[in-house]
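# Per-entry structural report
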Amino acid sequence: MSEPLSQADAGKFAAARGAVDLVEDGMKLGLGTGSTANWMVRALAARVAREGLTLTCVPTSTRTGDLARALGLTVVTLDEAGWLDLTIDGADEFDPALNLIKGGGGAHLQEKIVAAASDRMVVITDPSKDVAQLGAFPLPVEITPFGMGVTSKLIGKVLETAAVGARGSRLRMQGDAPFVTDEGNHIVDLALERIDAPADLAAALLQVPGVVETGLFLGLCDAVVIGHPDGRVETRRADGSAPVFARVDPAEAAALPVA
Ligand SMILES: O=C[C@H](O)[C@H](O)[C@H](O)COP(=O)(O)O
């Protein structure tokens, strides 16, 4: 018998299971990265097996690609797919305008490129990611290894004049070495507490030559699917329409395929 899910995992499963209902036969799909996206890939594989859907999937990281292939999904590169109908991905925070912080898993560069190449981006989360204002989660900024010390100093200068609540920054480590992204870059996590002007901050950070991408996803997300541990699913849309409520069966989680 499998272990009962934690409250957080039950919420993540509910969001993932709810969002997979948005997938239609023949779609080209972007697959996000992270623990919530893993539930989505598993729920998607179960649906494909059950209904015989034909899908073309573009992963946003090596690890999501490995999982999708292992579960029998058809995986191609973004350039092979060309353009996507829908991307389903997780997030570290979302605000009332459905702006996001992403990159807690270090995949935000590929995630942003894939989201930008999609007709729709849908974010799947548990309720803990719902914030009034972005910034409590440290903002990931991907930087090139070349000149990373100088780039970090220049990021510090940007923060001196930024409208934020704090100005901490830390190079992300994995063991004793800097964390390396799928693109061979490193990540600086900015502890800002509060970001008052996300668009201004994103623009200023992207002016620093060694900055490749930030984890601020502004105006990219079309809808957020929030899963609750009891199986309730709420979908909020960026167009301001009324939230939609549904329910999934939490027991289904135990039957999903594993890689
Ligand atoms: O780089 C990682 C991604 O942006 C994830 O989507 C984000 O960190 C959320 O991950 P999780 O679903 O594990 O909370």
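Residues numbered from 1 in each chain as written. Predicted model: local features only at pLDDT ≥ 70, side-chain atom pairs only at ≥ 80, totals over all residues.

## Overview of the domain arrangement of the protein
Considered domain by domain, the protein is made up of domain 1 (7-130 + 219-255) and domain 2 (139-213). Relative to domain 2, the C-alpha centre of domain 1 lies at a distance of 26 Å. Taken together, the contact pairs twelve residues of domain 1 with eleven residues of domain 2. Of the residues contributing to the side of domain 1 that touches domain 2, the split by class is three nonpolar, eight polar and one charged. (Domains from an automatic or database assignment. Contact = placed C-beta atoms within 7 Å. Nonpolar A, V, L, I, M, F, W, Y, C, P; charged D, E, K, R; others polar.)

## Here we look at the site of the ligand
In the region of the ligand, 18 residues are neighbours, and G34, T36, G90, G104 and G105 sit closest. Those elements that place two or more of their residues in the shell around the ligand are α2 (35-51) and α5 (108-116). The dominant element in the shell around the ligand, judged by the number of residues it contributes, is α2, at three residues. Within the shell around the ligand, the residues separate by chemical class into three nonpolar, eleven polar and four charged. (Near = placed C-beta within 6 Å. Helix = DSSP H or I, 4+ residues; strand = E, 2+ residues; numbered from the N terminus.)

## Regarding the sheet that holds strand β4 (residues 93-94)
Read from one edge to the other, the open sheet built from three strands follows the order β4-β5-β13, with strand pairing classed as antiparallel. The open sheet has two edge strands with one neighbour each: β4 and β13 (216-217). (Pairing = 2+ DSSP bridges.)

## Brief notes about the UniProt feature "active site" (unreviewed entry) in the protein
Under the UniProt annotation, the feature "active site" (unreviewed entry) is placed at E111. Here E111 shows up in helix α5. Here E111 is in contact with G32, T33, T60, D89 and K102, once residues within four sequence places are set aside. (UniProt positions renumbered as here; feature names shortened; annotations may be inferred.)

## A few points about the pairing of strand β1 (residues 28-31)
Alternating residues of β1 divide into K28 and G30 and L29 and L31, and every residue in both groups is buried. The pairing of β1 with strand β2 (residues 56-59) spans four bridges and is parallel. By the bridge assignment for β2, K28 is matched with T56. Examined bridge by bridge, β1 and strand β3 (residues 84-89) share three bridges and lie parallel to one another. Paired with L31 across the strands is I88, a residue of β3. (Buried ≥ 20, exposed ≤ 12 C-beta atoms within 10 Å, placed from the backbone.)

## Quick word on the sheet that holds strand β15 (residues 232-237)
On the basis of which strands lie adjacent, the open sheet formed by seven strands has the order β2-β1-β3-β6-β14-β15-β16 and mixed pairing. Each edge of the open sheet is held by one strand with a lone partner, namely β2 and β16 (244-247). Averaged over all pairs of adjacent strands, the angle between their axes in this sheet comes to 20°, without regard to strand direction. As paired strands, strand β6 (residues 118-125) and strand β14 (residues 223-227) are joined by four bridges and run parallel to one another. Within the sheet, the bridge partner assigned to T125 lies in β14 and is I226. Each of β3, β6, β14, β15 and β16 touches helix α1 (residues 7-20); the most contacted strand, β14, lies at about 135° to it. This element, α2, spans β1, β3 and β6 of the sheet and lies at about 110° to β6. (Axes fitted to C-alpha atoms, helices over the stretch in contact; angles between N-to-C directions.)

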